[in-house]
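# Structural overview
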Amino acid sequence: MGAPICSLIPCRRQTNAAPGSCRGFGLLLTVVVLAVVRTDAAPAYKWPEAGMGQRTSDRLSAGKRAAKYIACGVCEERVLSLFPGEGDADMIARFLEGESLTESLGDAKGFCGMRDLAKLFKGRRIEVETKPDGSALLSSSSTIPFYEEINTSDLVFHWKSFALQHACTETFRKDGDEVAQGVVKAYHASTGGGTPVEERKRVVEAVKAGCRMARTCKAAAKMAGGGGGEL
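Attention in this report is confined to the structure presented alongside it. Remember, it's a predicted structure, so these values are computed and weren't measured experimentally.

### Thoughts on the overall build of the protein
- Along the backbone of the protein there are 9 helices and 2 strands.
- Each helix (α) and strand (β) of the protein, taken in turn from the N terminus, gives the series α-α-α-α-α-α-β-β-α-α-α.
- Looking at the protein as a whole, 36% of its 231 residues qualify as buried.
- The contacts in the protein between residues at least 6 apart in sequence include a share of 68% that link residues at least 24 apart.
- Total accessible area on the protein stands at roughly 13,700 Å², and carbon and sulfur atoms take up 56% of it.

Structural data, given as C-alpha cells:
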C-alpha cells in the first residue's frame, strides 16, 4: 500500500499547524477524492439496441425519452412536408388561406401515421441519433435509415420509429392549432421572396416559428440547452 494522504502533506512544516490538523485535512481530502471518483464513475444512460425487438417497457421508455428531445425537429419536418415543394408566393399564400393546414395539424392521429412518417424520414435520410448521456437528436444520414411502417406488433417493435410517432402525436395532439396559427402569422409577417429558393427559405422560417409555439418543442429546447441526464 502507498503512503497515507496525511503523510504526503507537509503541514507539520507550518509553524502554526496544530497537532492532529494534518490528519483532519487528510481525511477531508480522502472524502473529496472519493466523491469525485464516484461522480466520474456514474454509469451513462444505456439505450436499447436500435434494431427490432419485443415491445418491452425499456423500449417504450427509450422511445418516449428520445421523443422529448426530437419533438421540434419532427414537428418542423412533418409540417414542412405539407407545403408545395416548388411553390411561388401566390401558390403558398393560397395554401395558407385554405383550411388544409389547420385541418391536418388538428388531426394528430391521422397526421402522425407511422407509414407517412417512415416514408418522410427515410426520404429525407434523417435518423434518430442517441447519445451516451441519454439525450437524442435528429441527424442527417449518408444511408437510408430504417423505420418500421406499421410498428403495432408486440413481438416485432422498433422503438426509434415509435419515438418519431410519439413526438409527432404529442406535439399536434396538444398544440396543433397553435402551431398552424404560428406558421401563418410568421409567414405573413416576413418579407416576400423574389425567387422560389428565397420563398422556400421564408416557408422554412415560418414553420420553425410555428413549431416553437408547441409545448413539446419548448421543452425540447430547454433540454437541449441543459444537456442530457434524467428527464
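After that view, the rundown keeps rolling.
### Focus: the state of the cysteines
- Following the criterion strictly, the structure yields 3 disulfides and no others.
- Between Cys-72 and Cys-217 runs a disulfide, and the two sulfur atoms are separated by 1.5 Å. The S-S bond linking Cys-72 to Cys-217 shows a torsion near 40 degrees; that makes this disulfide right-handed. Remark: Cys-217 occurs in helix H9 (residues 215–226) and Cys-72 occurs in helix H2 (residues 57–80); sequence separation between them is 145 residues. Residue Cys-72 shares its accessibility class with Cys-217, and that shared class is buried.
- Once the bonded cysteines of the protein are numbered in order along the sequence, the disulfide links fall as 1-6, 2-5, 3-4.

### Description of the layout of surface pockets
- Its volume calculated, the largest pocket comes out at about 180 Å³.
- Taken together, Lys-64, Ala-67, Lys-68, Ala-71, His-166, Ala-167, Glu-170, Lys-174, Arg-215, Thr-216, Ala-219 and Met-223 make up the lining of the largest pocket.
- Elements with a minimum of two residues in the lining of the largest pocket: H2, helix H7 (159–189) and H9.
- Here the residues of the lining of the largest pocket sort into 5 nonpolar, 2 polar and 5 charged.

### Topic: the environment of Ala-89
- Here Ala-89 shows up in helix H3 (residues 89–97).
- For Ala-89, a relative accessible area of 29% translates into the label partly exposed.
- In this structure the C-alpha to C-alpha distance between Ala-89 and Thr-195, which are 106 residues apart in sequence, comes to 8.8 Å.
- For Ala-89, the contacting residues outside a window of four places in its chain are Tyr-187 and Glu-199.

### As for the side chain of Glu-170
- Here Glu-170 shows up in helix H7.
- Judged by its relative accessible area of 19%, Glu-170 is buried.
- A polar side-chain atom of Glu-170 sits 3.0 Å from a polar atom in the side chain of Arg-173.

### A word on the packing of aromatic side chains
- On inspection of all chains with the given rule, the structure shows 6 aromatic pairs.
- When the ring of Tyr-45 is compared with that of Trp-47, the centres are 4.8 Å apart and the planes differ by 75 degrees; the resulting orientation is edge-to-face.
- For the ring pair Phe-157 and Phe-162, a centre distance of 5.8 Å and an interplane angle of 50 degrees mean the geometry is tilted. Exposure class is identical for Phe-157 and Phe-162. Each is buried.
- By way of ring pairs, the aromatic residues Tyr-45, Trp-47 and Trp-159 are connected into one cluster.

Reading the values: the criteria
Residues numbered from 1 in each chain as written. Predicted model: local features only at pLDDT ≥ 70, side-chain atom pairs only at ≥ 80, totals over all residues. Heavy atoms only, no water. Helix = DSSP H or I, 4+ residues; strand = E, 2+ residues; numbered from the N terminus. Buried < 20%, exposed > 50% of the residue type's maximum accessible area, 1.4 Å probe, protein only. Contact = heavy atoms within 4.5 Å. Areas by Shrake-Rupley, 256 points an atom, 1.4 Å probe, with all protein chains shown as cover. Disulfide = S-S within 2.5 Å. 1 Å grid on protein atoms, 1.4 Å probe; cavity = no way out; pocket = protein on both sides within 12 Å on 5 of 7 lines; lining within 4 Å. Points joined across faces, edges and corners; volume = space filled by probe spheres on them. Nonpolar A, V, L, I, M, F, W, Y, C, P; charged D, E, K, R; others polar. Polar contact = N/O pair within 3.5 Å; in protein donor to acceptor, adjacent residues only side chain to side chain. Phe/Tyr/Trp six-rings, centres within 6.5 Å; stacked < 30°, edge-to-face > 60°.

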